[in-house]
Amino acid sequence: MSRFAKSLAVLVAALFAFPGLAQETTAGLMVHDPYARVLGGIGASGAVFFVLHNHSDADVTLTGVSTGAAQMAGLHTHVESDDGMMQMMPIDGGIALPAWGEHIFARGGDHIMLMGLTEALKDGDSLTVTLTFDGAPPLTFKAIIDNDRAP
């Protein structure tokens, strides 16, 4: 086996060994490093974080999100109020994602808010999320529950 073939085999094995490195794609859109945090059992809330890449020549807008793991899932962000307090707010109108651009969903910023969890999720479990777009087909991915992950 050549050195190139061995290197390629190691890379492919690493992608399967570390799910955070695996990426879901559709129509040039890619989700990278998805994970979720949950705050309790059934009926509780949580959030999903990831990087969304647009590897296409077309601008798209992320317009919605759904999951069977919660009664409600939505695009949310944190906004600083006049008194300096951070408030979580829904994002109206979606999130524009320019051609060859990316958008980061991170703690303390934009994220997918989950309310009314439909199952008790613990570290290592996963949930399935579907993103909907204006200008592209839906993109479905799995996020691993990782409550210990640092921001």
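Source: prediction; values computed, not measured.

1. Brief notes about the pairing of strand E9 (residues 111-117)
Most of E9 sits out of view: six of its seven residues are buried. Pairing between strand E3 (residues 45-54) and E9: four bridges, direction antiparallel. Bridge pairing links Ser45 to Met115 in E9. Here six bridges tie strand E5 (residues 70-80) to E9, and the two strands are oriented antiparallel to one another.

2. Here we look at the packing of aromatic side chains
Within the structure shown, the criterion is met by three aromatic pairs. Each ring, one from Tyr35 and one from Phe49, has its centre 5.2 Å from the other, and the planes form 40°; the classification is tilted. Here Tyr35, found in strand E2 (residues 29-38), pairs with Phe49, found in strand E3; they are 14 residues apart in sequence, far enough to count as distant. Taken together, a centroid distance of 5.1 Å and an interplanar angle of 55° make the contact between Phe50 and Phe141 tilted. Within this pair, whereas Phe50 is found in strand E3, its partner Phe141 is found in strand E11 (residues 139-145), the two being separated by 91 residues in sequence. Of the residues examined, Phe141 reaches a relative accessible area of 1% and is grouped as buried. Aromatic rings pair up to connect Phe50, Phe105 and Phe141 into one cluster. Over the ring of Tyr35 we find Arg149, and its NZ or CZ is 4.0 Å from the ring centre.

3. Notes on the environment of Ile145
Its place among the elements puts Ile145 in strand E11. Sequence separation between Ile145 and Val48 is 97 residues; the distance between their C-alpha atoms is 8.8 Å. Setting aside residues no more than four positions away along its own chain, Ile145 makes contact with Ala36, Val38, Leu121, Lys122, Asp123, Gly124, Asp125, Ser126 and Leu127.

What counts and how
- Every chain is numbered on its own, with residues counted from 1 as its sequence reads.
- Confidence filtering applies because this is a predicted model: local features only for residues at pLDDT of at least 70, side-chain atom pairs given and counted only at 80 or more, and all residues used for totals across whole chains, interfaces and linings.
- Heavy atoms from the whole structure form the basis of all side-chain values; hydrogens and water molecules are not counted.
- The cut-offs for exposure are 20% and 50% of the maximum accessible area for each residue type, with area from a 1.4 Å probe on protein chains only; residues under the lower value are buried, those over the upper are exposed, and the others partly exposed.
- Strands are runs of DSSP state E lasting at least 2 residues, helices are runs of H or I lasting at least 4, and numbering of each runs from the N terminus.
- For two strands to be treated as a pair, DSSP must find no fewer than two bridges joining them.
- Working definition: a ring pair exists when centres of Phe, Tyr or Trp rings (six-membered ring for Trp) sit within 6.5 Å. Plane angles under 30 degrees give stacked, over 60 give edge-to-face, the rest tilted.
- By definition here, charges over rings are those cases where NZ of Lys or CZ of Arg is within 6 Å of the ring centre and within 35 degrees of the ring normal.
- Whether two residues are in contact is decided by their heavy atoms, any of which lying within 4.5 Å being enough.

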